[in-house]
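Architecture and fold: a report
Spelled out, the chains give:
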Amino acid sequence: MTTEGTARIAVTGLATMGSNLARNLARHGFRVAVHNRTPTRTKALVEDHGHEGEFVAAETMEELVASLQKPRQIIIMVKAGGPTDAVIDELSGLLEPGDMVIDGGNAHYADTRRREAALKAKGLLFVGAGISGGEEGALNGPSIMPGGPAESYVHVGPVFEEIAAKVDGQPCCVHVGPDGAGHFVKMVHNGIEYADMQLIAEAYDLLSRVGGHTPAQLADVFKQWNEGDLESYLIEITAEVLKHTDSTGGALVDKIEDAAEQKGTGRWTVQEALELGVPVTGIAEAVFARSLSGHIEQRKAVREALGAHEVVAKPDEQLVEDVRQALYASKVVAYAQGFDMIREASKNYDWNIDLGAMATIWRGGCIIRARFLNRIREAYDANPELASLLVDGYFSDAVKAAEAAWRRVAVRAVESGVPTPGFVSALAYYDALRSERLPASLVQGLRDFFGAHTYRRTDKPGSFHTLWSGDRTEIEA
Ligand SMILES: NC(=O)C1=CN([C@@H]2O[C@H](COP(=O)(O)OP(=O)(O)OC[C@H]3O[C@@H](n4cnc5c(N)ncnc54)[C@H](OP(=O)(O)O)[C@@H]3O)[C@@H](O)[C@H]2O)C=CC1
Ligand SMILES: O=C(CO)[C@H](O)[C@H](O)COP(=O)(O)O
């Protein structure tokens, strides 16, 4: 029997994400065509999992395209950047007007905008869809953030909503907005993921080096934290990683090289935040903390020249509770910054992104899924124009309640010589936003002194310049 024109949807790129997404589609009753540049992956998928649903294996892109019902829908799950462009180029020569290409990889949203414009000129629909949840999410229900033209969602939305994670019966998938909106939101999701992981790592570091707790003891602490406000996937898996022992019987975390890698989405988030002028200090500290950790030789050189700070551990129950509160407050700041960034980009590109809906689709399936996303959703649903998440009643009460503990943690970390850039910068952000006056006044004065850049005054309108190298009188600029 011919399989031509029978598959509902296709996936090309069958590594971790693509193969699991294809299985998820098949398990939900969609006849799915599958293809990979190296055909052994395609064969392995069908051999190992063919019984889970209906797969059509394609050896070539031509076969893949021919196997699909029209209008065709093809999901690309390959490495971001050049490989994605190569696959799009190959596909676009084979497709017909009205067909749809969906990039489910971690593409840069600017690439997505460019690709959509190019495919639109050929009469093809292009959807940049952020997909989060890693291997397990792709298989059992990810969080899906599709952008692209609204009409594309009419065709692919029902499929995505079917395979996405569900929370309270709602799918963790919504049309985010046009063109690159979906990939932008996924990028910020990953930026928040970086910040969240950095804060968790700082909590672990403080409690082990200052608090004197073993990884096994900390696994219990994180497990307990996961039963309260901090409940989230990342806290849950922190407990798993901390309790894990390797074949020597020791804690695995003690043996893992302390140099964090990164594929780029966190760095992109910070680069874009700089362009948009949104201070995402938590994400930036997390990206820089990863790069600092990777400078193994430089760290060694400085350690040898200056000596490592001697940290004296002292078990302390108060510290455990203080760190929990500091972690929660810093996490609120990181999410507030991430949502500010989405709001700003939405304005900038006219995307009309619903912030409450973003919190809703992050409640399940994705890496940053967390209990408090319900609160974020409520906050933005009640007031989509919130100046900051920090002004919402629930979150302002929460950070105020944590403030004393947060300061004690910052002091303890600084005194002990344990670096906590995430905690400290989140606290500085909180303090800066609440300050009546900031020292930016002096910065403006200095700029005017050396560059005649002018300043505004608090007591009268207009721009002014002081004749610093003359008689130091003030003139209106
Ligand atoms: N891994 C994860 O947890 C997550 C990944 N993502 C994103 O999803 C996408 C897929 O991720 P993942 O499954 O980890 O796979 P990888 O990012 O490791 O990419 C491997 C896949 O890309 C294909 N590929 C590489 N270069 C080319 C090329 N020039 N032409 C055609 N195919 C090519 C490979 O084919 P071949 O087998 O022939 O080498 C293979 O199928 C990426 O964009 C990633 O950033 C998103 C969320 C989570
Ligand atoms: O998109 C993801 C989860 O949402 C990926 O896991 C992401 O690639 C992880 O990023 P990095 O390797 O930079 O830590």
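Residues numbered from 1 in each chain as written. Chains lettered and ligands numbered in written order. Predicted model: local features only at pLDDT ≥ 70, side-chain atom pairs only at ≥ 80, totals over all residues. Heavy atoms only, no water.

Stated precisely, the cut-off is as follows: UniProt positions are given in the numbering used here, feature names are shortened, and annotations may be inferred rather than shown by experiment.
By the naming in an unreviewed UniProt entry, the protein is 6-phosphogluconate dehydrogenase, decarboxylating, taken from Lentzea tibetensis. UniProt, in its Sequence similarities (unreviewed entry) section for the protein, records the words "Belongs to the 6-phosphogluconate dehydrogenase family."

**A short note on the nonpolar core**
For clarity, the cut-off: Nonpolar cores are built from buried Ala, Val, Leu, Ile, Met, Phe, Trp, Tyr and Cys residues. Side-chain atoms within 4.5 Å join them into one set. A 1.4 Å probe rolled over the protein chains alone gives each residue an accessible area, and that area as a share of the maximum for its type sets the label: buried under 20%, exposed over 50%, partly exposed in between. Put simply, DSSP H or I for four residues or longer makes a helix, DSSP E for two residues or longer makes a strand, and each gets a number counted from the N terminus. Reported domain spans reflect what an automatic or database domain assignment gives. The criterion used for residue contact is that any of the two residues' heavy atoms lie within 4.5 Å.
Counting 93 residues, the largest nonpolar core has W225, W362 and I376 as the members making the most contacts within it. With 16 residues, helix 14 (residues 317-349) is the single largest residue contributor to this core. Here this core gathers at least three residues from each of two domains, domain 1 (9-175) and domain 2 (186-434). Setting aside its immediate chain neighbours within four residues, I376 contacts Y335, F339, A359, L389 and F395. Counting residues in each nonpolar core, the second largest holds 29 residues, with L14, A22, L45 and I144 among its members.

**Notes on the packing of aromatic side chains**
Selection criterion: Any pair of Phe, Tyr and Trp rings, taking the six-membered ring for Trp, is counted once the centres come within 6.5 Å. Such a pair is stacked with planes under 30 degrees apart, edge-to-face with planes over 60 apart, and tilted for the rest. The rule is short: NZ of Lys or CZ of Arg within 6 Å of the ring centre and within 35 degrees of the ring normal puts a charge over the ring.
Going through the model one piece at a time under the given rule, you end up with 15 aromatic pairs. Residues Y109 and F184 carry aromatic rings whose centres are separated by 5.0 Å and whose planes lie at 85 degrees to one another, so their mutual orientation is edge-to-face. On the criterion of sequence distance, the pair formed by Y109 in helix 5 (residues 109-120) and F184 in helix 8 (residues 181-209) is long-range, its members being 75 residues apart. Looking at Y109, the relative accessible area reads 4%, which means it is buried. For F184, a relative accessible area of 0% translates into the label buried. Here the aromatic cluster, defined as three or more aromatic residues joined through ring pairs, consists of Y328, Y335, F372, Y394 and F395. The lysine or arginine in question, R369, covers the ring of Y233, its NZ or CZ lying 4.1 Å from the ring centre. Note that R375 overlies the ring of Y394, its terminal NZ or CZ placed 4.1 Å from the centroid.

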